[in-house]
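A closer look at the structure
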Amino acid sequence: MNTRKTVSRRTALKGLGSAGVAVAALGPKPGSAAEAPRPSSPLGSPFSEPRKLLSERVLQTPLIDTHEHLIEEKERLRGGPHSRVPCDDWALLFSHYLNSDFLTAGMPKADMGRFLASGVEPLAKWKLIAPYWPAVKNTGYAQAVRISIRELYGVEELSEESVAKVQAGYEQVRRPGFYKRVLQDRAKIESCQVNSLTGEPFKQSDLPTLLMQDLSIVGMFAGPNIEQHAAAGIPVKTLGDWHAVIRWWFDRYAKYAVAVKSQQAYSRDIDYARVPAEQAEPVFKKVLQRDPVNPGERKLLEDHLFWQAVDEATARDLPVKLHTGYYAGQDSMPLSRLRLNAGSAAELCRLSPDTRFVFMHLCYPYYEELLALAKQWTNAHVDMCWSWIINPAAAKDYLKKHIVTAPINKLLPFGGDYIPVEPVLGHAALARQGITQALAELVEEGWLKLADAMDLIDPILHQNARRIFRLARKAEALRKADWIK
Ligand SMILES: [Zn+2]
């Protein structure tokens, strides 16, 4: 169902800003070409000629999305509430990550709980968030959601009057096949890379070539989480047994996985030293016996097992994606520790020159450090996933600087980083706007020739990801995945 039929294209574009124009231009065209207005800058003056040319090319170019937490479409269609789906209505679009901006704006937690609960009327939900909406509606988190609401449900502004239409649009969109419609048809995303958060280290997706998967390695060294890896069927009595379990997961899934991923930077720095098995073994024994383990011992074991997993990944040509920088959520982030991430990343690059490290989220707010890392270390890659909604202006700033500082073949421009699929559309529009803006500004400021800027679009939007993650080979394996009936 295309709810956009109810709104004229011109009306829908009015007030969208250039990100809205960006996403609207990607969607199916409801009328003749003559109906489409000329893109104009937010101030109303026409875009410069280079900006127009760059914008058109960026809009037409397929984008690879290198980081999501999307649950399977069938899980979304099952309704809610259940794990990762607190409610099955329009408020779900706010549950990840916009809820945090409301809370840090002062919304009481109990009110947010009710807003995200099942069985609360749309109008009652709107009344809960309305007092805080003016404070948060312009953040990147909110802009992505607003673009999605406009584009998917045909609603310009969220309000007491429009909220019923938002809910109706939500129900019309959320129907079988909507992942492909939102991601491929509307956002022009070629494929996604999903880090599943539903428990298993590797998700056997029903849409394996659209929702390509990371193999999660965090449970292999944090804890470690022995229960989570029980499918290996190997009884774990020694550290050697645990090494065998780790190997089993790589044997089983390395050919299907696009990368391995760890978000352990949420609980410690990424300063993993190479610790020999002899030093880790006594600590592992204590863990198995549930004896107390002090922080120093825990670090020894985690460091040892981190490299056990990373060496397996490297041997199988899998890049290693690591969370760096900003934290999801609110009222929890130890900012001073995040500052250490880029320095520790440099040490990882030195310790394992054959590993393709992918450092995620621009290590926000310390993105200058990450840029220095990408310039200096051959094996350091930068993934701008999540960045366009954390701070869209900073992400554009980073991209501009990366283009004139570090080799562009190490840059991955976009990952929506969402559990619900709908806001990916808005986030991708912000990314396309930012990429266009970065390139256009470099041309307008005289740092880049227009032809060179045009030549960067394919590498940035998809060629780098295809190469770094060996996507052609992965897609071939995934088309024949042994879990697909
Ligand atoms: Zn993520």
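In case you missed it, the structure is sitting above this.
A brief structural summary. What you see is a predicted model; the values in this text were computed from it and never measured.

Each helix and strand in the protein chain was counted, giving 23 helices and 8 strands. Expected size for 485 residues packed as a compact globule is a radius of gyration near 23 Å; at 23 Å, the protein chain falls within 12% of this value. Overall, the protein chain is about 70 × 55 × 45 Å in size when its C-alpha atoms are taken along their principal axes. Taking all 485 residues of the protein chain together, the buried fraction comes to 57%. In the protein chain, 76% of the contacts between residues at least 6 apart in sequence involve partners at least 24 apart. In the structure as shown, the protein chain presents an accessible area of about 19200 Å², 53% of it carried by carbon and sulfur atoms. Charge-centre separation for the protein chain: the mean point of 62 positive side chains lies 3 Å from the mean point of 55 negative side chains.

Here we take up the sheet that holds strand β8 (residues 411-412). The strands making up a sheet associate through hydrogen bonds between their backbones, and the pairing can be parallel or antiparallel. The strand order across the open sheet formed by 8 strands is β1-β2-β3-β4-β5-β6-β7-β8, and the pairing between neighbours is parallel. Bordering the open sheet on either side are β1 (63-68) and β8, each of which pairs with just one other strand. Relative to strand β2 (residues 189-194), β1 runs parallel, the two being bridged by 4 bridges. Paired with Leu 63 across the strands is Ile 189, a residue of β2. Relative to the sheet, helix α21 (residues 422-444) contacts β1 and β2, its axis offset from that of β1 by approximately 125°. Where helix α22 (residues 450-468) meets the sheet, it contacts β1, β2, β7 (380-383) and β8, and its direction lies at approximately 60° from that of β1.

Below, the discussion takes up the coordination of the zinc ion. Each angle at a metal carrying four tetrahedral donors should ideally be 109.5 degrees, and each at a metal carrying six octahedral donors should ideally be 90 or 180 degrees. The coordination sphere of the zinc ion contains the protein donors His 67 (NE2), His 69 (NE2) and Asp 417 (OD), at a distance range of 2.0 to 2.1 Å. Within one chain, the residues donating to the zinc ion are spaced in sequence as H-x1-H-x347-D. A residue pair is termed long-range when its members are at least 10 positions apart, and His 69 in the loop between β1 and α4 (73-77) and Asp 417 in the loop between β8 and α21 qualify at 348 residues. With respect to class, His 69 is no different from Asp 417; both count as buried.

With burial as the criterion, each face of strand β5 (residues 320-323) is covered, one bearing Val 320 and Leu 322 and the other bearing Lys 321 and His 323. As paired strands, strand β4 (residues 259-262) and β5 are joined by 3 bridges and run parallel to one another. Residue pairing across strands places Ser 262 opposite Leu 322, the latter belonging to β5. Direction of pairing for β5 relative to strand β6 (residues 357-360): parallel, over a ladder of 4 bridges. In the sheet register, Lys 321 faces β6, and the bridge partner there is Val 358.

Position of Ala 124 among the secondary structure elements: in helix α7 (residues 122-129). A relative accessible area of 27% places Ala 124 in the partly exposed class. Counting along the chain gives 39 residues from Ala 124 to Val 163, while the straight-line C-alpha distance between them is 9.8 Å.

About the criteria used
Residues numbered from 1 in each chain as written. Predicted model: local features only at pLDDT ≥ 70, side-chain atom pairs only at ≥ 80, totals over all residues. Heavy atoms only, no water. Helix = DSSP H or I, 4+ residues; strand = E, 2+ residues; numbered from the N terminus. Rg over C-alpha atoms; globule rule 2.2 N^0.38 Å. Buried < 20%, exposed > 50% of the residue type's maximum accessible area, 1.4 Å probe, protein only. Contact = heavy atoms within 4.5 Å. Areas by Shrake-Rupley, 256 points an atom, 1.4 Å probe, with all protein chains shown as cover. Lys, Arg positive; Asp, Glu negative; His and termini not counted. Charge placed at Lys NZ, Arg CZ, Asp CG, Glu CD. Pairing = 2+ DSSP bridges. Axes fitted to C-alpha atoms, helices over the stretch in contact; angles between N-to-C directions. Donors = N, O, S within 2.8 Å, 3.2 Å for Na, K, Ca; no water.

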